[in-house]
Amino acid sequence: MTAAKLTLRLATPADAQAIAVMSRDLIETGLGWSWTPARVARSIANRDTTVLAACDGHLVIGFAIMHFGDDRGRLNLLAVHPRYQGAGLGRRMNLWLEECALVAGIEAIELELRRGNVGARKFYERLGYRSAGVVTRYYRGEEDALRMARDIRRTVGPAPAWQAPWLR
Ligand SMILES: CC(C)(COP(=O)(O)OP(=O)(O)OC[C@H]1O[C@@H](n2cnc3c(N)ncnc32)[C@H](O)[C@@H]1OP(=O)(O)O)[C@@H](O)C(=O)NCCC(=O)NCCS
């Protein structure tokens, strides 16, 4: 029997339940369930939001949700099932979203995570995100969030030593 391939694709309405359950169990633990199947389905249908599904064959084993503003992207949620963590899936999903964001003219991506989620903070730091402050009582008025951000504009090398003639 050949092993199923891990793939990344855009989520469809049929993925909403699996994604919502992962949000509840891997991200919102102890905070209730705000990303319900209905809310995830609305995000999938929203033209300003991209929802990615990471799959092992037909099984959804990771996901990411990003909302696109005018010049900022907001990474709402990203998670990988524990059995598949550490294999680069989180990085690949983030890369996909960054590529989309660049094409959409977005300059920076922001996100919030639970202040005590040290593993996720280290993950985002490895991906180039930097701390942008603490938002007190962000979650349900109880738990603080750490805000992180990443400037995704690409540098293309040093500028040549040149001065516009009208400035000389
Ligand atoms: C955080 C999470 C998404 C990482 O996904 P992943 O697929 O395991 O991450 P990757 O394998 O792509 O790791 C990318 C890099 O981050 C690092 N990293 C990932 N998790 C880490 C952790 N817990 N501690 C330290 N570094 C970590 C990896 O070592 C890797 O570094 P490298 O550049 O040296 O290779 C995953 O652990 C998860 O789903 N956690 C629960 C949900 C969650 O907290 N989501 C974030 C808040 S919305």
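Just so you know, these numbers come straight off a predicted model, no measurement behind them. (Residues numbered from 1 in each chain as written. Predicted model: local features only at pLDDT ≥ 70, side-chain atom pairs only at ≥ 80, totals over all residues. Heavy atoms only, no water.)

**Student:** What is the right way to look at the pairing of strand S4 (residues 72–80) in this model?
**Tutor:** The side chains of a regular strand alternate, residue by residue, between the two faces of the sheet. In this structure, strand S3 (residues 59–68) lies alongside S4, joined through 7 bridges in antiparallel fashion. In the sheet register, His67 faces S4, and the bridge partner there is Arg74. Between S3 and S4, which pair antiparallel in sequence order, lie 3 residues. Bridge count between S4 and strand S5 (residues 108–114): 3 bridges; the pairing is parallel. When the bridges of S5 are listed, Arg72 appears paired with Ala108. Taken together, S4, helix H3 (residues 89–103) and S5 form a β-α-β motif whose crossover is right-handed. (Pairing = 2+ DSSP bridges. Helix = DSSP H or I, 4+ residues; strand = E, 2+ residues; numbered from the N terminus. Right-handed = clockwise from strand over helix to strand, strands pointing away.)

**Student:** What is the right way to read the sheet that holds S3 from this model?
**Tutor:** Sheet strands pair by backbone hydrogen bonding; their relative direction is either parallel or antiparallel. The mixed open sheet is built from 7 strands, whose spatial order is S1-S2-S3-S4-S5-S7-S6. Sheet topology places strand S1 (6–10) and strand S6 (130–139) at the edges, where each strand pairs with a single neighbour. Strand-to-strand twist across the sheet, computed as the mean angle between neighbouring axes with direction ignored, equals 25°. Bridge count between S6 and strand S7 (residues 143–151): 5 bridges; the pairing is antiparallel. Across the sheet, Arg130 pairs through a bridge with Ala149, a residue of S7. (Axes fitted to C-alpha atoms, helices over the stretch in contact; angles between N-to-C directions.)

**Student:** Looking at this structure, how should I read the site of the ligand?
**Tutor:** Every one of the 19 residues lining the ligand counts as a neighbour, but Leu78, Val80, Gly86, Arg91 and Asn117 are closest to it. Between the ligand and the protein, one listed contact pairs an oxygen atom with a backbone N or O atom of Val80 at 2.7 Å. The separation between an oxygen atom of the ligand and a polar side-chain atom of Gln85 is 3.4 Å. If the ligand stood free it would expose 910 Å²; the protein chains cover 73% of that surface. Sorting the residues of the shell around the ligand by element identifies helix H1 (16–27), S4, H3 and helix H4 (118–126) as the ones contributing at least two each. Tallying contributions element by element places H4 first for the shell around the ligand, with 6 residues. A class-by-class count of the residues in the shell around the ligand yields 10 nonpolar, 6 polar and 3 charged. (Near = heavy atom within 4 Å. Polar contact = N/O pair within 3.5 Å; in protein donor to acceptor, adjacent residues only side chain to side chain. Areas by Shrake-Rupley, 256 points an atom, 1.4 Å probe, with all protein chains shown as cover. Nonpolar A, V, L, I, M, F, W, Y, C, P; charged D, E, K, R; others polar.)

**Student:** When you look at the environment of Phe63 in this model, what are you seeing that I'm missing?
**Tutor:** With respect to the helices and strands, Phe63 occurs in strand S3. Residues Phe63 and Ala79, spaced 16 residues apart in sequence, show a C-alpha to C-alpha distance of 5.7 Å. For Phe63, the residues in contact, after removing those within four places along its chain, are Ile19, Met22, Ser23, Ile27, Leu52, Ala53, Leu77, Leu78, Ala79 and Met93. (Contact = heavy atoms within 4.5 Å.)

**Student:** Looking at this structure, how should I read the packing of aromatic side chains?
**Tutor:** Between two aromatic rings, the relevant description is the distance of the centres plus the angle of the planes. Applying the stated criterion across every chain yields a total of 3 aromatic pairs. Aromatic pair Tyr138 and Tyr139: ring centres 4.9 Å apart, planes at 90°, arrangement edge-to-face. Given the relative accessible area of 17%, Tyr139 is considered buried. Grouped by ring-pair contacts, the aromatic residues Phe123, Tyr124 and Tyr129 constitute a single cluster. Cation over ring: Arg24 sits above Trp33, and NZ or CZ is 4.7 Å from the ring centre. For Arg39, the ring lying beneath its charged end belongs to Trp35, and the centroid distance is 3.7 Å. (Phe/Tyr/Trp six-rings, centres within 6.5 Å; stacked < 30°, edge-to-face > 60°. Buried < 20%, exposed > 50% of the residue type's maximum accessible area, 1.4 Å probe, protein only. Lys NZ or Arg CZ within 6 Å of the ring centre and 35° of its normal.)

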